[in-house]
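# Close look at the chain arrangement
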Amino acid sequence: EKQKTLKNLQSKHSALIMSSSSLICVATCNLNQWALDFEGNLSRIEKSIMLAKQVGASYRLGPELELSGYGCEDHFLESDTLMHCEESLAKLLKSDATNGIVCDIGAPILHNGVRYNCRVFCLDGKILFMRPKMFMADDGNYRES
């Protein structure tokens, strides 16, 4: 059934490309990420990028904080959490996963001693730019004002 869905998506995508050169295929990913499961999270990210490429996507959008998992709470204050996220991002960039597709990765980033919840935009094994979240949760995980 997955193969049928993939073929259906590919044929629809091909029709879109033929009808207009201004259309692109965007892959949005809702991954089953786990807090502090760096290896598992990276594996699911790599698989989602591979699937996005298979359907002809040129932009892959992942969930917020997908490298670390969203609900790390106080672990975001620990340097190990940031270090493992950097290691995961480095592995992703050293592989050929981001070749030919813009990948929007959710990750915690430390810059000038301050932690940020960022979107990391990558292409062809390079970081294009990072964008910190502008409105943070101020009442638990899910309350943003």
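An account of the accompanying structure is given in this report. (Residues numbered from 1 in each chain as written. Predicted model: local features only at pLDDT ≥ 70, side-chain atom pairs only at ≥ 80, totals over all residues. Heavy atoms only, no water.)

Sheet strands pair by backbone hydrogen bonding; their relative direction is either parallel or antiparallel. Spatially, five strands are ordered E1-E2-E3-E4-E5 in an open sheet, and the strand pairing comes out mixed. A strand with exactly one partner marks an edge of an open sheet, and here the two such strands are strand E1 (26-28) and strand E5 (126-132). Along the sheet, successive strands turn relative to each other by an average axial angle of 30°, direction set aside. Its contacts with the sheet put helix H2 (residues 38-54) on E1, strand E2 (59-61) and strand E3 (102-111), and the angle it makes with E2 is roughly 145°. (Pairing = 2+ DSSP bridges. Helix = DSSP H or I, 4+ residues; strand = E, 2+ residues; numbered from the N terminus. Axes fitted to C-alpha atoms, helices over the stretch in contact; angles between N-to-C directions. Contact = heavy atoms within 4.5 Å.)

Let's shift gears to the environment of Ser48. As for its position among the elements, Ser48 is in helix H2. Spatially, the C-alpha atoms of Ser48 and Asn30 are 9.2 Å apart, while their sequence positions differ by 18 residues. Look past the residues within four positions of Ser48 in its chain and what remains in contact with it is Cys29, Leu31 and Arg60.

Another point: the pattern of salt bridges. Counted under the stated rule, the structure contains four salt bridges. The salt bridge partner of Lys133 is Glu64, with a shortest N-O separation of 2.8 Å. Here Glu64 lies in the loop between E2 and helix H3 (79-94) and Lys133 lies in the segment after E5, a separation of 69 residues in the sequence. A relative accessible area of 24% places Lys133 in the partly exposed class. With a closest N to O distance of 2.7 Å, Asp104 and Arg119 form a salt bridge. Here Asp104, found in strand E3, pairs with Arg119, found in strand E4 (residues 114-123); they are 15 residues apart in sequence, far enough to count as distant. A residue is classified by how much of its surface remains accessible, and Asp104, at 3% relative accessible area, is buried. (Salt bridge = Lys/Arg side-chain N within 4 Å of Asp/Glu carboxyl O. Buried < 20%, exposed > 50% of the residue type's maximum accessible area, 1.4 Å probe, protein only.)

Moving on, we get to the state of the cysteines. Evaluated as defined, the whole model comprises zero disulfides. Left without a disulfide partner, Cys85 is nearest to the cysteine sulfur of Cys72, which lies 7.1 Å away. (Disulfide = S-S within 2.5 Å.)

This next bit is on a negative patch on the surface. Taken together, the side chains of Glu73, Asp74, Glu78, Asp80, Glu86 and Glu87 define an acidic patch exposed on the protein surface. Looking at where Glu86 falls in the secondary structure, it is placed in helix H3. (Patch = residues over 30% accessible without salt bridge, like charges linked within 9 Å, V, L, I, M, F, W, Y side chains within 5 Å. Areas by Shrake-Rupley, 256 points an atom, 1.4 Å probe, with all protein chains shown as cover. Lys, Arg positive; Asp, Glu negative; His and termini not counted. Charge placed at Lys NZ, Arg CZ, Asp CG, Glu CD.)

Moving on to H2. Taking 1.5 Å as the rise per residue, H2 with 17 residues should run 24 Å; its terminal C-alpha atoms sit 24 Å apart, in good agreement. Within the sequence span of H2, burial applies to Phe38, Gly40, Asn41, Leu42, Ile45, Ser48, Ile49 and Ala52. Packing partners of the buried residues in H2 comprise E1, E2, H3 and E3. (Expected span 1.5 Å × (residues − 1).)

Take the pairing of E5 next. For E4 and E5, the ladder comprises six bridges, and the chain directions are antiparallel. For Val120, the partnering residue across the bridge sits in E5 and is Met130. Linking two consecutive strands that pair antiparallel, namely E4 and E5, is a turn of two residues; a positive phi of about 55° is found at Asp124 within it.

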